[in-house]
Amino acid sequence: MRIGIDTRLSYHQPAGISRYTWHLLRAIAELNKDDEFVVFQHRKQPESLIQQANFQRRSLYAPVHRSLEQFMLPFELMPYGLDLLHSTDFIPPLYSAIPSVITVHDLAFLHWPNFLTKDSAAYYGQIDRAVRHARHIIVPSQSTKQDLIGILGTPDTKVSIIYEAPNPIFRPLPIEATRKAVTKQFGIPDSYIFFISTIEPRKNVNGLLTAFRHLLDKYNVTDTGLVLAGSPGWLYDETMDLVKKLHLEEKTFFLGRITDEDLHKLYVGARFHIHPAHYEGFGLPPLEAMACGTPTIVSNVSSLPEVVSDAALLVDPKDTEEIAVAMHRLLTDQDLYTELRDKGLKRAGCFNWELAARSTLDVYHRAINPNAMPISNPSTAQKQTTLP
């Protein structure tokens, strides 16, 4: 097989989809030394993502998420003789004859269209054509698969659930020493609640801030801060205005984009992690926190209950009181903390990138030859669609 993998987004946005693409690439490279892979990167990205004999790096000029992309990509891809192209960022080249596999991470833009910028609406507005054009579709959860079937009418047989996994570096560390190090490094309190994601409306940051204010006022919490890491997103200024309105300037700490090494330490040092998003196609941060031995609170919507099972506290993302109560419980109930730490570590162990890579290679194989049998152990593929 000669497989192309479009990784251009990693130049512009190193988080989210780019992290998924990088971990998947690395796991595929460890498993497959025989097939040919062409890794398409942005022309301005200097380093090759994978350095291995059967992986070739090629640069593309087509702009990401722009109208010219659909006209330029088919011409740029023609010389490479691909059997298949994997578009990890939803939308394949719609005017290309190359068979395509796409990863649809979520359908948040259909559930919450008011959260989209004009440019994002134009890009994701191609999703109907994308799912029809693709030979096969990868999704990270049963929730997203049901969205594809229910909202877009995608045939069940055209969609494979392949769960994502935490970065292997995320694991428990000595808590007190790690907490001391990160509080000194970032100038944050010894006791802090941790949130990591793009600072934008879909992640419900404003709801989190309001619930945190409620926690401070109603439950007399005085020694704990709220630490938020992640790049500024759409309507970031409105979030900063809310911080001032709620008088949280001295209790909230916005760190911006951070390295995986720092993220690892911040997870470990936190009293707990919280992810009250309105919608997620998978929700990697709660899984990363659990892999570090840190309890988490997540929304009771979309894929999040599927990912965490009974290893986290579930809350209604629209209910300020419910979020505040959950935060107070994890700050004060040591038995609950210990129970969720143990369950979280066990749950995180159900997910790994080797399983994801094996199942993805099976999808490539069957997309090129629809009559082919799976090439990996059937029990491996089953694990990717059925979790305890």
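Residues numbered from 1 in each chain as written. Predicted model: local features only at pLDDT ≥ 70, side-chain atom pairs only at ≥ 80, totals over all residues. Heavy atoms only, no water.

1. A short note on the environment of Ile17
Among the structural elements, Ile17 can be located in helix H2 (residues 17–31). Linking Ile17 and Thr103, residues 86 residues apart in sequence, is a C-alpha distance of 9.4 Å. Beyond its immediate stretch of four places on either side in the chain, Ile17 contacts Leu9, Thr88, Asp89, Phe90 and His105. (Helix = DSSP H or I, 4+ residues; strand = E, 2+ residues; numbered from the N terminus. Contact = heavy atoms within 4.5 Å.)

2. With respect to the sheet that holds strand E8 (residues 191–196)
The sheet built from six strands is open, its strands ordered E10-E9-E8-E11-E12-E13 with parallel pairing. Edge strands, defined here as strands with exactly one partner in the open sheet, are strand E10 (252–256) and strand E13 (313–315). Neighbour-to-neighbour, the strand axes of the sheet open up by a mean angle of 25°, direction not taken into account. Sheet analysis places E8 next to strand E11 (residues 272–275), joined by two bridges and oriented parallel. Within E11, the position partnered with Phe194 by the bridge is His273. (Pairing = 2+ DSSP bridges. Axes fitted to C-alpha atoms, helices over the stretch in contact; angles between N-to-C directions.)

3. Overview of the pattern of salt bridges
Applying the stated rule across the entire model yields 16 salt bridges. Between Asp156 and Lys145 there is a salt bridge, with its nearest N and O atoms 3.4 Å apart. Remark: Lys145 occurs in helix H7 (residues 142–152) and Asp156 occurs in the loop between H7 and strand E7 (159–161); sequence separation between them is 11 residues. Looking at Lys145, the relative accessible area reads 11%, which means it is buried. Linking Lys265 and Asp262 is a salt bridge whose minimum nitrogen-to-oxygen distance equals 3.4 Å. Placement of the pair is Lys265 and Asp262 together in helix H11 (residues 260–269), with a separation of three residues, close to one helical turn. Judged by relative accessible area, Lys265 falls into the partly exposed class, the value being 26%. Connected through salt bridges with shared partners, the residues Asp106, Arg202, Lys203 and Glu280 form a single ionic network. (Salt bridge = Lys/Arg side-chain N within 4 Å of Asp/Glu carboxyl O. Buried < 20%, exposed > 50% of the residue type's maximum accessible area, 1.4 Å probe, protein only.)

4. A look at the sheet that holds strand E6 (residues 136–139)
Ordered by their spatial adjacency, seven strands build an open sheet running E3-E2-E1-E4-E5-E6-E7, and the pairing between neighbours is parallel. The outermost strands of the open sheet, each flanked by one partner alone, are strand E3 (55–60) and E7. Going across the sheet, the axis of each strand differs from the next one's by a mean of 20°, ignoring polarity. With four bridges joining them, strand E1 (residues 2–6) and strand E4 (residues 84–87) adopt parallel strand pairing. Across the sheet, the residue bridging to Asp6 is Ser87, located in E4. Strand contacts of helix H3 (residues 69–77): E1, strand E2 (36–42), E3 and E4, with the helix running at about 140° to E3, the strand carrying the most contacts. Here helix H16 (residues 353–368) sits on the sheet in contact with E1, E2, E4, strand E5 (100–103), E6 and E7, set at roughly 135° to E4.

5. Some remarks on the pairing of strand E12 (residues 296–299)
Residues in a regular strand point their side chains to alternate faces of the sheet. Where E11 lies against E12, three bridges are found, and the strand directions are parallel. Following the sheet pairing, Ile274 is matched in E12 by Ile297. Taking the sense of rotation as the criterion, the β-α-β connection linking E11, helix H12 (residues 284–291) and E12 turns out right-handed. Both E12 and E13 contribute to a ladder of three bridges, which runs parallel. Residue pairing across strands places Ser299 opposite Val315, the latter belonging to E13. (Right-handed = clockwise from strand over helix to strand, strands pointing away.)

6. Description of unusual backbone geometry
Residue His65 is not a glycine yet carries a positive backbone phi of 60°. With respect to the helices and strands, the residue His65 is situated in the loop between E3 and H3. You can call His65 buried: its relative accessible area is 17%. Of note, the phi angle at Ser309 is positive, near 55°, even though the residue is not glycine. In this structure, Ser309 sits in the loop between helix H13 (304–308) and E13. In this structure Ser309 comes out as partly exposed when scored by relative accessible area, which is 30%.

7. Notes on the confidence of the model for the protein chain
Of all residues in the protein chain, 96% attain a pLDDT of 70 or more, and the chain-wide mean is 93. Note that pLDDT drops below 50 for residues 377–383; the model gives that stretch six contacts with residues more than four away or on any other chain. (pLDDT = per-residue confidence, 0-100.)

8. With respect to the side chain of Lys158
Tracing the sequence through the fold places Lys158 in the loop between H7 and E7. Buried charge Lys158 goes without a salt bridge, the closest partner of opposite sign being Asp128 at 11 Å. Polar contacts involving the side chain of Lys158 include one to the main-chain carbonyl oxygen of Val131, which spans 2.5 Å. Contact partners of Lys158, with chain neighbours within four places excluded, come to Val131, Arg132, Ala134, Arg135, His136 and Ile137. (Lys, Arg positive; Asp, Glu negative; His and termini not counted. Polar contact = N/O pair within 3.5 Å; in protein donor to acceptor, adjacent residues only side chain to side chain.)

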